[in-house]
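Structural characterization, general
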Amino acid sequence: MKITTSSIIFLLTACSSASALATDTPRRVLVTGAAGQTGQHIFRKLLAKPGYAPIGTVRSEESRQALLAGTAGIGATDKDATPIPAESVVICDITNADTSAIDELMNDCDALMICTSAKPAPTGEINEETKRPIFGFPNGQPELVDWIGQKKLIDAATKAKKDVHVVLCGSMGGTNPDNSLNNLGKITKSDGSVTGGDILKWKRKSEVYLINESGCPYTIVHPGGLLNEPGNERELCLGVDDKISGTSNNSVPREDVANVMISALEDESYRGRSFDLVSKPVGDGVRTKDYGKLLKSLDGKNSDYSLGEIA
């Protein structure tokens, strides 16, 4: 066999490609709250995206089966029709005292997407003064879910002793202690004292812990009012401290929140950033495609946690 220069180049190229395939393992990302609406957008998108092997966590076997069947959260839309492998969904309740399951999951992951949050629901009672429904948190008060539970996740990322990038979905409104969201789930005891609620204050506590105590690279996204409408159709706008220039709109589709959070995994400039996110109405402005350019619109600004109150 005659060895030519072109043969050598071919062999070197083939060996290089084979080596890349052998070492280029998918990036494992833990997505908490994967059966929820925003979390499920992220989970499904990562499943369909080359180079990722996401693990989605849910609270119960019922939630797991609903997610696999496409009946939980956003469900299986035509756009997000990638089948969910059963082995990619695990039961892990972050409110449990035992953290061994969380720790074990994080050992195999190099990124963490926190999409868990206390979820308010009507209690069936009516406030006699306002005549409005009273809301509670049947699956755990904000202190338990948005602070203690999220802290467990952050601690697990820290203990993994890797460069675990933590991307956290928070909420706008945190600079105002009197925001109406903080009143949800509050309970007045017989002695007049008040417990529960304060969801934005507990979220803020978790975020400050992530920034100041964890040592993990982080990205914190504070979306405005979440819309169950298609993403990729609007111009997105960023700001900080509940102030966003360029639009008076204060809402954003969940799918667009997912897009920004996934972009944070792929763009180093998103590390060490905390900001607010809304969108313009459909047809107003230019549809956002460049997420790096979007971040530059902040001119280096980050959320100021000296504003508002922390639980």
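Our subject is the structure listed above.
Here's a quick rundown of the structure. All values reported here derive from a predicted model rather than from experimental measurement.

The subject of this paragraph is the nonpolar core. By size, the foremost hydrophobic cluster in this structure holds 39 residues, and its most contacted members are Ile42, Leu67, Met113, Val260, Met261 and Phe275. With 7 residues, helix 7 (residues 254-266) is the largest single contributor of residues to this core. Membership of the second largest hydrophobic core comes to 32 residues, among which are Leu105, Ala118, Phe137 and Ile199.

Bringing the packing of helix 4 (residues 100-107) against helix 5 (residues 142-159) into the picture now. Closest axis-to-axis distance for the helix 4/helix 5 pair is 9 Å, and the angle between their directions is 45°. As far as their axial angle goes, helix 5 and helix 4 are oblique. Two packed elements cross with a definite hand, and for helix 4 against helix 5 that hand is right-handed. For the pair formed by helix 4 and helix 5, the contact residues are Ile102, Asp103 and Met106 on the first element and Lys152, Leu153, Ala156, Ala157 and Lys159 on the second. Among the residues forming the contact of helix 4 with helix 5, the class breakdown is 5 nonpolar, no polar and 3 charged.

The next point concerns the sheet that holds strand 1 (residues 27-32). Taken in spatial order, the 8 strands line up as 3-2-1-4-7-10-14-12 in an open sheet, and their pairing is mixed. Looking along the sheet, the strands with just one partner apiece sit at the ends: strand 3 (89-91) and strand 12 (236-239). Direction aside, the axes of adjacent strands within the sheet are offset by 25° on average. When strand 7 (residues 165-169) meets strand 10 (residues 218-223), the two strands line up parallel, connected through 4 bridges. Pairing of Leu168 across the sheet is with Ile220, part of strand 10. Across the sheet, helix 2 (residues 37-48) touches strand 1, strand 2 (52-58), strand 3 and strand 4 (111-114), and the angle it forms with strand 2 is around 150°.

We now examine helix 3 (residues 61-69). Turning to helix 3, its buried residues number three or more, namely Arg64, Ala66 and Leu67. Projected down its long axis, helix 3 carries its buried residues within an arc of 165°, all on one side. Turned more than 90 degrees away from the buried face of helix 3 sit Glu62 and Ala69, all of them exposed. Next to the buried residues of helix 3 lie helix 2, strand 2 and strand 3. Of the residues one or two after helix 3, Gly70 is the one with positive phi, at around 80°.

Definitions and cut-offs
- Every chain's residues receive numbers from 1 upward, in the order its sequence appears when written.
- Reporting in this predicted model follows two pLDDT cut-offs: at least 70 for local features of residues, and 80 or more for side-chain atom pairs to be given and counted; totals over whole chains, interfaces and linings ignore these cut-offs and use all residues.
- Think of the side-chain values as coming from all heavy atoms in the structure, minus any hydrogens and water.
- Side-chain atoms within 4.5 Å link the members of a nonpolar core, which is a set of buried Ala, Val, Leu, Ile, Met, Phe, Trp, Tyr and Cys residues.
- Here's how the labels work: a residue is buried when its accessible area is under 20% of the maximum for its type, exposed when over 50%, partly exposed in between, all with a 1.4 Å probe on protein chains only.
- Numbered from the N terminus, helices here are DSSP runs of H or I no shorter than four residues, and strands are runs of E no shorter than two.
- Note on definitions: angles span 0 to 180 degrees between N-to-C directions of axes, and those axes are lines fitted to C-alpha atoms, for helices only across the stretch in contact.
- In what follows, roughly perpendicular refers to angles from 65 to 115 degrees, roughly parallel to angles under 35, roughly antiparallel to angles over 145, and oblique to any angle outside these ranges.
- With the far helix as reference, a near helix turned anticlockwise by less than a right angle produces a left-handed crossing, and one turned clockwise produces a right-handed crossing.
- Here, two residues are considered to be in contact whenever any of their heavy atoms come within 4.5 Å of each other.
- By the convention adopted, Pro, Cys, Tyr, Trp, Phe, Met, Ile, Leu, Val and Ala count as nonpolar, Lys, Arg, Asp and Glu as charged, and the other residues, Gly among them, as polar.
- The rule for pairing is simple: two strands pair if DSSP sees at least two bridges between them.
- By arc we mean the arc of the directions from the helix axis to the C-beta atoms, nothing more.

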